[in-house]
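Chain by chain, the residues run as shown.
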Amino acid sequence: MRDRRAVTPAVAKTLELGVVLLFIGAVSASLVGGVAPEYRAAAGDEAAGRVVAAAATHVEAAVPVPVDASAVSVERRVDLPPTIAGAAYRVVADGGRLTLSHPNPGVAASTPLALPDRVVVDGTWESGAETVVTVESSANRLRVRLVSR
Amino acid sequence: MSRQRSAVGFPAGGRGQASLLALAAALVALTAAIGLSVAFADAALASADRSPVERRAAVTATDRVVAPDSPLTRRANVLDRGAVDALTADALVDLVPPLADAAFRVRLGGRTVVERGDPVGGTAFRRIVLVAADAERTRSIDAAAGAVTLPRRTGTLRFDFTDSDVETVRVNGRVVLHRDGGLAGTESVAVSRFETARITVDGNATGTIRVSSYPERTVKATLEVTVDA
């Protein structure tokens, strides 16, 4: 009886330790493995939508209002967040759209640009670099470029 | 010894289990707390959903519609009533590409102009615009009286000389129509929209000239674009 009594607390503490470790392991695994990345992607997706909407508004605002103006030279800085969901990304102008491409496939956004027909847009912004939008008139059209420096 | 223990209330061998039970209760409480936090975070994320793309489409749509180079405007922020009435959903999407994949509704002064799909619960953006329409005003001028000033400015004047005998018509001192032996039939003249037209005829004129002017009337209205992407 006395021998067993001495063992009881040790067994109890070991059991408790094991249960707590198991619990912490399970909770950490579910948070880090499932919930956290999911929320990070969801928040990043929201941020991406906002970034693309703001970038498109900046690009449209850079084009001067009398679109048939003959000599145009505009250069404007556009501030973009350096990372979304902890990773660098790119904003690409192609086919009259702005598209955000991100290494995480859960983070994506794209919007068409509302610009007059004689305006062509191209170029790429790398997040973290100095991002500039330039507008130049050339051969009866306006050329809008996204430039990273 | 055994009497002592039962007096305290812990039977032999039950102590470890009792503390395990307490631990289990604590862990259940902790799990509930974590679950609750995640639920709160979920609700916060869901309520932060303001759909920036939808809002941008609505703002851009109003911007493009009232732009000076838009087919719907006469000048910046002044919509042409006729062009607005003739607007179709496809023409609007052509003007505002961000509306391409969305349900939208455009209302002008509370009246729906264009609608595609059913944009329930979408984002609405409003701005105040002027809506311009031309009203034709025709008046008869006694040619013998010599001069008349039109009360409202107009871009075009149309003269009908059927019942008159007039050789020369001046607007603000400049000769706009002249024919030796008398003007006949109807003539249209473009005049400046930026000054009031004073019409004078030559001193020997007789009869009655009918003059039509097309003054622009503008009314304020709220342009509302609702987009549900």
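Look up a bit, the structure's there.
On a predicted model such as this, the values are computed, not experimentally measured, just so you know.

## Digging into the environment of Trp125(A)
Position of Trp125(A) among the secondary structure elements: in strand β5 (residues 119-126). There is a polar contact of 3.0 Å between the side chain of Trp125(A) and the backbone oxygen of Val132(A).

## With respect to the nonpolar core
Counting residues in hydrophobic clusters, the biggest one holds 30 residues, and the most contacted among them are Val59(A), Leu80(A), Leu98(A), Leu100(A), Trp125(A), Val133(A) and Val144(A). For this core, the secondary-structure elements that each account for two or more residues are α1 (2-62), β2 (90-94), β3 (97-101), β5, β6 (131-138) and β7 (141-148) of chain A. Among the elements that make up this core, the one with the highest residue count is α1(A) (seven residues). Setting aside anything within four residues of it in sequence, one finds Val59(A) in contact with Leu98(A), Leu113(A), Trp125(A), Val133(A), Val144(A) and Leu146(A). The next biggest cluster of nonpolar side chains, apart from the first, holds 26 residues, and it includes Leu72(B), Leu79(B), Phe104(B) and Leu108(B).

## Comments concerning the interface of chain A and chain B
Of the residues lining the interface, 29 residues belong to chain A; the matching set on chain B comes to 26 residues. Between chain A and chain B the total buried area reaches about 2,300 Å² when both faces are included, carbon and sulfur atoms providing 69% of it. Considering only the side of chain A, the residues that lose the most area to chain B are Phe23(A), Tyr39(A) and Arg50(A), jointly responsible for 24% of the buried surface there. Where chain A touches chain B, the interface holds one salt bridge. Residue Glu60(A) pairs with Arg56(B) through a salt bridge whose shortest N-O separation is 2.9 Å. Counting across the interface, chain A meets chain B through four residue pairs in polar contact (both at pLDDT 80 or more). Here the element with the most residues in the side of chain A that touches chain B is α1(A); it accounts for 20 residues. Residues belonging to the side of chain A that touches chain B are distributed by class as follows: 21 nonpolar, three polar and five charged.

## Looking at the sheet that holds strand β10 (residues 168-171) of chain B
All names here are of chain B. Overall, antiparallel pairing links the four strands, which are arranged β7-β13-β10-β11 in an open sheet. On the outer flanks of this sheet lie β7 (147-149) and β11 (174-178), each paired with one strand and no other. This sheet shows a mean twist of 20° between the axes of neighbouring strands, independent of strand direction. Looking at chain direction, β10 and β11 are connected through four bridges and run antiparallel. Within β11, the residue paired with Val171 across the bridge is Arg174.

## Remarks on unusual backbone geometry
One can expect most non-glycine residues to show negative phi and most peptide bonds to be in trans. One non-glycine residue with positive phi stands out, namely Ala85(A), at about 50°. If you check the backbone angles, Asn172(B) has positive phi at about 50° while not being a glycine. Relative to the helices and strands, Asn172(B) is located in the loop between β10 and β11. Since its relative accessible area comes to 30%, Asn172(B) is described here as partly exposed.

## Thoughts on helix α3 (residues 52-66) of chain B
Residue and element names in this part refer to chain B. With 15 residues, α3 should cover 21 Å at 1.5 Å per step; its first-to-last C-alpha distance of 21 Å lies within 8% of that length. The element α3 is extensively covered by neighbouring structure, given that 11 of its 15 residues are classed as buried. Within α3, burial applies to Pro52, Glu54, Arg56, Ala57, Ala58, Thr60, Ala61, Thr62, Arg64, Val65 and Val66.

## Looking at the environment of Asp49(B)
In this fold, Asp49(B) is placed in the loop between α2 (15-47) and α3. By relative accessible area, which is 45% here, Asp49(B) ends up partly exposed. Spatially, the C-alpha atom of Asp49(B) lies 20 Å from that of Leu36(B), the residues being 13 residues apart in sequence. If we ignore the near neighbours within four places in the chain, the residues touching Asp49(B) are Glu46(A) and Arg50(A).

## Considerations on the sheet that holds β2(A)
All names here are of chain A. An order of β1-β6-β7-β5-β2-β3-β4 is seen for the seven strands of this open sheet, with the pairing classed as mixed. Among the strands making up the open sheet, the edge pair consists of β1 (73-77) and β4 (109-112). Within the sheet, the average angular offset between the axes of one strand and its neighbour, ignoring direction, is 15°. With four bridges joining them, β3 and β4 adopt antiparallel strand pairing. Of the residues in β4, the one forming a bridge with Thr99 is Ser110.

Calculation rules
- Residues numbered from 1 in each chain as written.
- Chains lettered and ligands numbered in written order.
- Predicted model: local features only at pLDDT ≥ 70, side-chain atom pairs only at ≥ 80, totals over all residues.
- Heavy atoms only, no water.
- Helix = DSSP H or I, 4+ residues; strand = E, 2+ residues; numbered from the N terminus.
- Polar contact = N/O pair within 3.5 Å; in protein donor to acceptor, adjacent residues only side chain to side chain.
- Core = buried A, V, L, I, M, F, W, Y, C linked by side-chain atoms within 4.5 Å.
- Buried < 20%, exposed > 50% of the residue type's maximum accessible area, 1.4 Å probe, protein only.
- Contact = heavy atoms within 4.5 Å.
- Buried area = accessible area lost by both parts, 1.4 Å probe.
- Salt bridge = Lys/Arg side-chain N within 4 Å of Asp/Glu carboxyl O.
- Nonpolar A, V, L, I, M, F, W, Y, C, P; charged D, E, K, R; others polar.
- Pairing = 2+ DSSP bridges.
- Axes fitted to C-alpha atoms, helices over the stretch in contact; angles between N-to-C directions.
- Expected span 1.5 Å × (residues − 1).

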